[in-house]
Amino acid sequence: MAEEVRVVTKRMREHTEDSWTLQRVLDTGGYDGARKAVVEMAPEELGGEVKSSGLRGRGGAGFPTGVKWSFVPADVSPKYVVVNHDEGEPGTFKDRELGERDPHQLLEGMIIAARAVGANKAFIYCRGEFALGSRRLDQAIRDAYGAGFLGEGIFGSDFDFDIVLHRGAGAYICGEESALLDSLEGFRGQPRLRPPFPAVKGLYGQPTVINNTETLSTLPHLILNGSEWFRQWGTEKSPGTKIFSVSGHVNRPANYEVPLGTSLADLLELAGGMQNGKEPKAIIPGGASAPLLTSTDVALDFESLQEAGSMLGSGGVVFMDETTCMVRNTLVTTEFFEHESCGKCTPCREGTWWAVKVLERIEHGDGRQEDMDLLLDICNGMDGRSFCPLGDAASWALRSGVKTFRDEFEQHVAEGSCPFGGGERVHVGARVGATGLGEAGITSQPAAGIDADSEPEAAQP
Amino acid sequence: MTRRYQATGGDIDEQNGYRNVFDDEQQAWADAIVAKYPNPRSAVLPLLFLVQSVEGYVTEDGMRTVANMIGLTPAQILASGSFYTMLKKQPQGEYLISVCRNISCTHRGAYDVIQALSERLGTDAGNTTADGRFTFETAECLATCDGAPSIQINYDDFYDVTPQDAVALVDKLERGEEVRSAAGERVRTVREISFETATAGARLPGTAGDHRARTVGGEAQPSDFLPDSRPKLSHDEGSHSG
């Protein structure tokens, strides 16, 4: 029987009524890790502990946190810590829950990170749509200042630390760390050329550590208990526990914290199995960017999923049963990337737009025999040809949809309709202010299918 | 009578040919927002949310007010503001209903919710109702897949929404009744939630603004590899401390 191992989610699961309040946090060991980091440990000890723990970033890229910190130059001031709380990877909802249910744990992690790299100022880049999460963070920051955990001389030491809560305004790309920095500086959220990397030249050109909410929320436990303790879970290259956001056609969609290396089948069991006793037909293991899997016989860690041709990504796991139209799924995913492409790089901006057009006509029964190869060709034109991984991710999701379920795509074309009956033209396209300019701008892609047969020229290879 | 938000209040800046949208109290908030940051440009998004809280949406006068306040051009403000979906550049309703249309929600019935709302509101997604009370849009993943299909009303979350639930929520709001989210939060109006978002940082103690910093974002990348070709702005003159 599969079981959760609750480290980061312990407080929120055991105290569902008030896990976000300072009183409950103090009653359950809160701020002990931060106090230890500030009062008892030297900054280099903190960095060393995190490095030897092997903790890898929980935002998607999986870069070792301690190594990231070690790139920060010691002799440059000021430095910044920035929290990437701009969760938006489809199928992922762990950071939202951590922010809503345990905001103090995040603040504690920020104190530890700041102490380790010598930063006195930090920003939380909180996704604009997270109204409740922002209110909970607001209260937590207020209370932490009141308790002397933030501000001047925290925990009675000589370490000053301030946090500024900053809200995003609706843009998935701002979860990409260099785009986040541009957004935080007041620009359009578009990725930066690297090098230099943010650790060396980040916010306002100063050394900046950008960590994901889950990564930082792990730190208090890691610092309090040590790297050996942390390594009791997971694999050599993927140590520790990880929160997986499970959704789709399962009985109990929710966040589940399990040791890395847990099998996908066990995770499905934790989530109560598939609805109506069906079998999973396709699984997205790490957010919409991750290529599809068709079997649950795989371990959930960075290296195993890479071997299986996919990736751990953000830990957003979506299970789909046999009633799912994979053309529709691929269309929805590609529409997402088309909408969220920032427009900086031509291959991503145009490739996603073009692919949506082709997918729409396949889904609505107007597809052509050559369309599947055309889609794969578009993928080749996007993959590895843009500043940031958004264009890559769009191509991975699209390529895996076409390659894994090519027979379904061909069936759509051959039958001239969607075999799942999902081809009705639901007007889902228009988003208010997608560019924010209303009629003056390109508000969105046309509603699904509306232009499917009016623009055949767009698809000539 | 239309209930659509109209631009209100403020003095005409005759010299520069626009209406300053902030009154004294709002200007105090704007100053508090700017004071949070090492560079005033970082305040662009919260200031535009503040404009939205005053005007109902991001008006041209509002963008000019912000530009003048922090020493940028109106074009620079438009360039930044037009990138983000939550900053609306056209009049919107009192309640913005956002229906997630991403994978988990689609697979659990989001299209039925979208269709029910289209019928109830008499408009397709992307539009505002004729009486100006509701704006209805589809949204990308709202990170609430555990409650799919999910919707937000002015950014507070509703989980496991059936078409009937969605219609009932509209009915309640139309009758002027209080509506509470899945977490029990009172649903705000567009102006209330915009103000809350604008002042999220400014309401709290602490600041990151005790030294002056230059921005490096935008098209030019000052680095060891590229010359800094970006034109200098007046507030860029401060030096890094330390």
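Everything quoted here is computed from the prediction, not taken from an experiment.

Break down the overall build of chain A for me, citing the residues and quoting the values.
Of regular secondary structure, chain A possesses 18 helices and 8 strands. Relative to a compact globule of 461 residues, whose C-alpha radius of gyration would be 23 Å, chain A shows 23 Å and is just as compact. A principal-axis box enclosing the C-alpha atoms of chain A has dimensions of 70 × 55 × 35 Å. Taking all 461 residues of chain A together, the buried fraction comes to 65%. Look at the contacts in chain A between residues 6 or more apart in sequence, and 70% of them connect residues 24 or more apart. Of the accessible surface of chain A, which amounts to about 15,000 Å², a share of 48% is contributed by carbon and sulfur atoms. Between the centroid of the 44 positive side chains of chain A and the centroid of its 67 negative side chains there is a distance of 3 Å.

Let's hear about helix H4 (residues 43–53) of chain A: which residues, and what values?
Residue and element names in this part refer to chain A. Within the span of H4, buried status applies to Leu46, Gly47, Val50 and Ser53. The buried side chains of H4 occupy one side of the element, clustering within an arc of 130° when seen end-on. Along its buried surface, H4 packs onto helix H3 (32–40), helix H5 (65–70), helix H7 (103–117), helix H10 (213–225) and helix H11 (227–230). Two residues or fewer past H4, Gly54 is found with a positive phi of approximately 75°.

Tell me about the environment of Arg136(A), and please be specific about residues and values.
Residues and elements named next belong to chain A. When you line up the elements, Arg136 lands in helix H8 (residues 131–146). Judged by relative accessible area, which is 14%, Arg136 ranks as buried. Separated by 259 residues in the primary sequence, Arg136 and Ser395 place their C-alpha atoms 37 Å from one another. Discounting residues that sit within four places of it in the chain, Arg136 has contacts with Trp20, Gly99, Glu100 and Pro103.

Describe the interface of chain A and chain B, and please don't skip the residues or the numbers.
With 93 residues of chain A in contact, the opposing surface of chain B contributes 82 residues. For the pair chain A and chain B, the two sides together bury roughly 7,200 Å², of which 57% comes from carbon and sulfur. Where chain A meets chain B, there are 6 salt bridges. Its salt-bridge partner being Asp138(A), residue Arg203(B) comes within 3.2 Å of it at the nearest N-O pair. For the side of chain A that touches chain B, the secondary-structure elements that each account for two or more residues are helix H6 (94–101), strand S2 (121–126), H8, strand S3 (162–167), helix H9 (177–184), strand S5 (241–248), strand S8 (316–321) and helix H14 (326–340) of chain A. Residues of the side of chain A that touches chain B, tallied by class, amount to 40 nonpolar, 31 polar and 22 charged.

Run through the pairing of strand S1 (residues 80–85) of chain A, naming residues and quoting values.
Residue and element names in this part refer to chain A. The element S1 is extensively covered by neighbouring structure, given that 6 of its 6 residues are classed as buried. Across the two faces of S1 the burial is the same, with Tyr80, Val82 and Asn84 and Val81, Val83 and His85 all buried. By the bridge criterion, 6 bridges tie S1 to S2 in an arrangement that is parallel. From the neighbouring strand, Val82 faces S2, where its bridge partner is Phe123. Pairing of S1 with strand S4 (residues 208–212), which is carried by 5 bridges, proceeds in the parallel orientation. Across the sheet, residue Val83 finds its bridge partner in S4, namely Asn211.

What counts as what
Residues numbered from 1 in each chain as written. Chains lettered and ligands numbered in written order. Predicted model: local features only at pLDDT ≥ 70, side-chain atom pairs only at ≥ 80, totals over all residues. Heavy atoms only, no water. Helix = DSSP H or I, 4+ residues; strand = E, 2+ residues; numbered from the N terminus. Rg over C-alpha atoms; globule rule 2.2 N^0.38 Å. Buried < 20%, exposed > 50% of the residue type's maximum accessible area, 1.4 Å probe, protein only. Contact = heavy atoms within 4.5 Å. Areas by Shrake-Rupley, 256 points an atom, 1.4 Å probe, with all protein chains shown as cover. Lys, Arg positive; Asp, Glu negative; His and termini not counted. Charge placed at Lys NZ, Arg CZ, Asp CG, Glu CD. Arc of directions from axis to C-beta. Buried area = accessible area lost by both parts, 1.4 Å probe. Salt bridge = Lys/Arg side-chain N within 4 Å of Asp/Glu carboxyl O. Nonpolar A, V, L, I, M, F, W, Y, C, P; charged D, E, K, R; others polar. Pairing = 2+ DSSP bridges.

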